[in-house]
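# Fold and contact review
Chain by chain, the residues:
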Amino acid sequence: MFEEAQYFAPVATRDDGTVEVELAAGHPGFADPVYRARRNAIAALALGYVPGTPIPTAEYTDQEHEVWRIVSRELAIKHRKYATAEYLEATERLGLPGERIPQLQEVGDLLEPLTGFRYLPAAGLVPLRDFYGVLADGFFHSTQYIRHHSTPLYTPEPDVIHEVIGHANALASDRYARLYRLAGNAARRVESEQALEFISKVFWFTLEFGVMSDQGELRAYGAGILSSYGEIEEFRGMDIRPLDLVAMGTTEYDITKYQDVLFRADSLEHLEDVVGGFWAECDDETVSRLTAQAR
Ligand SMILES: [Fe+2]
């Protein structure tokens, strides 16, 4: 079963119009009323977003900027050791601020001249068909909140650090951005939920958690690894398997812990050939055929 829904805290709009983010009891910010109020306010901003207008500004507190500063600095050190050359070059190209959380509007303003991508605000989980579909048009849905300050190096859910440091840096690469668009085109092309799920799993094991041979060693290009202070130190010790569409599209994964099965591309060309080639051409029929091979 595909369980991405549990990855994001549910967002509810009450009868009186107030917005409430339902954090799980184990969430680092669960018992902090100030953080809970921040989360509700930031979710309300995204829900109030009107497409075609500037993205509402989230007025971050000094404490929130401090979390970004700490994590940005620590991840930049690790990226030099663990990220692919393509990702590192794209990071240079994008030039995200390290001292403060950039607004999503600003992230789009930096990205658009490079690869045409812009950001869209999301309060929480975006339905798969929308999330992937708009990639085809160069839009990336992103949460705006930041993790709780008590655990700057850990988050149980994707926050603005994951969305921007993980994804926007990758989206600043022409070659990775092309793969995101191809995933979007594939999601638009298929009709069945099974095919959509297969495509999203291939995305999960590549653009979220992909690794490849690069500069003579195993390096990461997936946003989930590159935005995780803990996971980035662990991926080389995981169960590393060769890039395989059938396996990626049908392997179950648990989003609540480190990914213990990862798929390695031999090179960026290899990733583009196998995964880009699949997304460029696949339809419901292709996916049924591949799924049957897994049985
Ligand atoms: Fe992600």
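None of these values were measured; they are calculated from a predicted model.

A word on helix 6 (residues 160-171). Residue pairs spaced three or four apart in an α-helix point in one direction, given the helix's 3.6 residues per turn. Burial analysis of helix 6 places 12 of its 12 residues in the buried class, the great majority of the element. What helix 6 keeps buried is the set V160, I161, H162, E163, V164, I165, G166, H167, A168, N169, A170 and L171.

The subject of this paragraph is the coordination of the iron ion. Ideal geometry at a metal gives 109.5 degrees between four tetrahedral donors and either 90 or 180 degrees between six octahedral ones. Taken together, H162 (NE2), H167 (NE2), E208 (OE) and E208 (OE) make up the full set of protein donors to the iron ion, lying 2.0 to 2.7 Å away. Around the iron ion sit 4 donor atoms; with metal-centred angles ranging over 53 to 143 degrees, the donor geometry is irregular. For the iron ion, the single-chain donor residues occur in sequence as H-x4-H-x40-E. Taken as a pair, H167 in helix 6 and E208 in helix 8 (residues 193-208) lie far apart in primary sequence, 41 residues in all. On the accessibility criterion, H167 (0% relative accessible area) is buried. By relative accessible area, which is 8% here, E208 ends up buried.

In this section: the side chain of H79. In this structure, H79 sits in helix 2 (residues 62-82). According to the relative accessible area criterion, H79 is buried, its value standing at 5%. A distance of 2.7 Å separates the side chain of H79 from the backbone oxygen of L226, its partner in a polar contact. With residues near it in sequence (within four places) discarded, H79 still touches Y87, L88, I165, R219, L226 and I232.

In the Ramachandran plot, Q215 falls in the positive-phi region, its phi being about 55 degrees despite a non-glycine side chain. If you trace the backbone, Q215 turns up in the loop between strand 5 (211-214) and strand 6 (217-220).

At their nearest, the axes of helix 6 and helix 7 (residues 174-189) sit 6 Å apart, and the two run at 105 degrees to each other. The angle between the axes of helix 6 and helix 7 places the two elements in the roughly perpendicular class. On helix 7, the residues that touch H167, A170 and L171 of helix 6 are Y176, A177 and Y180. Of the residues that constitute the contact of helix 6 with helix 7, the class distribution is 5 nonpolar, 1 polar and no charged.

What follows is about the environment of R118. By the element assignment, R118 lies in strand 3 (residues 118-121). Its relative accessible area of 17% is what places R118 among the buried residues. For R118 and F263, which are 145 residues apart along the polypeptide, the C-alpha to C-alpha distance reads 28 Å. A distance of 2.3 Å separates the side chain of R118 from the side chain of E112, its partner in a polar contact.

A few words on the pattern of salt bridges. Under the counting rule described, the total for this entry stands at 21 salt bridges. The closest approach of N and O atoms between E64 and R38, which form a salt bridge, is 2.8 Å. Residue E64 is found in helix 2, and its partner R38 is found in helix 1 (residues 33-47); the two are separated by 26 residues along the sequence. For E64, a relative accessible area of 8% corresponds to the buried category.

Next up on the list: the pairing of strand 8 (residues 261-265). A large share of strand 8 lies buried, amounting to 4 of its 5 residues. Handedness of the crossover joining strand 7 (residues 239-242) and strand 8 through helix 10 (residues 245-250) is recorded here as right-handed.

A word on the UniProt feature "binding site: Fe cation" (unreviewed entry) in the chain. On the UniProt side, "binding site: Fe cation" (unreviewed entry) is annotated at positions that read H162, H167 and E208 here. A maximum C-alpha distance of 10.1 Å places the annotated residues, which cover 47 residues in sequence, within one compact spot. Cross-referencing the annotated residues with the lining of the largest pocket gives H162. Apart from residues no more than four positions distant in its own chain, H167 is found in contact with Y119, F140, H162, Y180, L207, E208 and A223.

Calculation rules
- Counting starts from 1 at the beginning of each chain's written sequence and moves along it residue by residue.
- pLDDT decides what is reported in this predicted model: residues at 70 or higher carry local features, side-chain atom pairs at 80 or more are listed and counted, and totals for whole chains, interfaces and linings draw on all residues regardless.
- The basis for every side-chain value is the complete set of non-hydrogen atoms in the structure, without hydrogens or water.
- Type-normalised accessible area, obtained with a 1.4 Å probe on protein chains alone, sets the label of each residue: buried when under 20%, exposed when over 50%, and partly exposed for intermediate values.
- Helix numbers and strand numbers start at the N terminus; a helix is a DSSP run of H or I with at least 4 residues, a strand a run of E with at least 2.
- Here the coordinating atoms are restricted to nitrogen, oxygen and sulfur within 2.8 Å of the metal centre, or 3.2 Å for Na, K and Ca, and because water is not among them the sites may look incomplete.
- The rule is simple: four donors are tetrahedral if all their angles sit between 85 and 135 degrees, four are square planar and six octahedral if opposite donors span more than 155 degrees and the others lie between 65 and 115, and anything that fits none of that is irregular.
- Each polar contact in these results corresponds to two N or O atoms within 3.5 Å; when the atoms are within protein, one needs to be able to donate a hydrogen and the other to accept it, and residues that are neighboring in sequence are counted only if both atoms are side-chain atoms.
- Every residue pair with non-hydrogen atoms within 4.5 Å of one another is taken to be in contact.
- Axis lines are fitted to C-alpha atoms, over the contacting stretch for helices. Their N-to-C directions set the angle, which ranges from 0 to 180 degrees.
- Our angle categories are set so that under 35 degrees counts as roughly parallel, over 145 as roughly antiparallel, 65 to 115 as roughly perpendicular, and the remainder as oblique.
- Only Asp, Glu, Lys and Arg are considered charged, only Ala, Val, Leu, Ile, Met, Phe, Trp, Tyr, Cys and Pro nonpolar, and every remaining residue, Gly among them, polar.
- Basic side-chain nitrogens of Lys or Arg form a salt bridge, by our definition, when they fall within 4 Å of a carboxyl oxygen of Asp or Glu.
- Here a crossover is taken to be right-handed if, once the strands point away from the viewer, the path from the first strand over the helix to the second is traced clockwise.
- UniProt positions are given in the numbering used here, feature names are shortened, and annotations may be inferred rather than shown by experiment.
- In this analysis the probe radius is 1.4 Å and the grid spacing 1 Å, with only protein atoms considered; a cavity is a set of points the probe fits into but cannot get out of, a pocket is an open set with protein on both sides within 12 Å along at least five of seven lines, and lining residues have an atom within 4 Å of a point.

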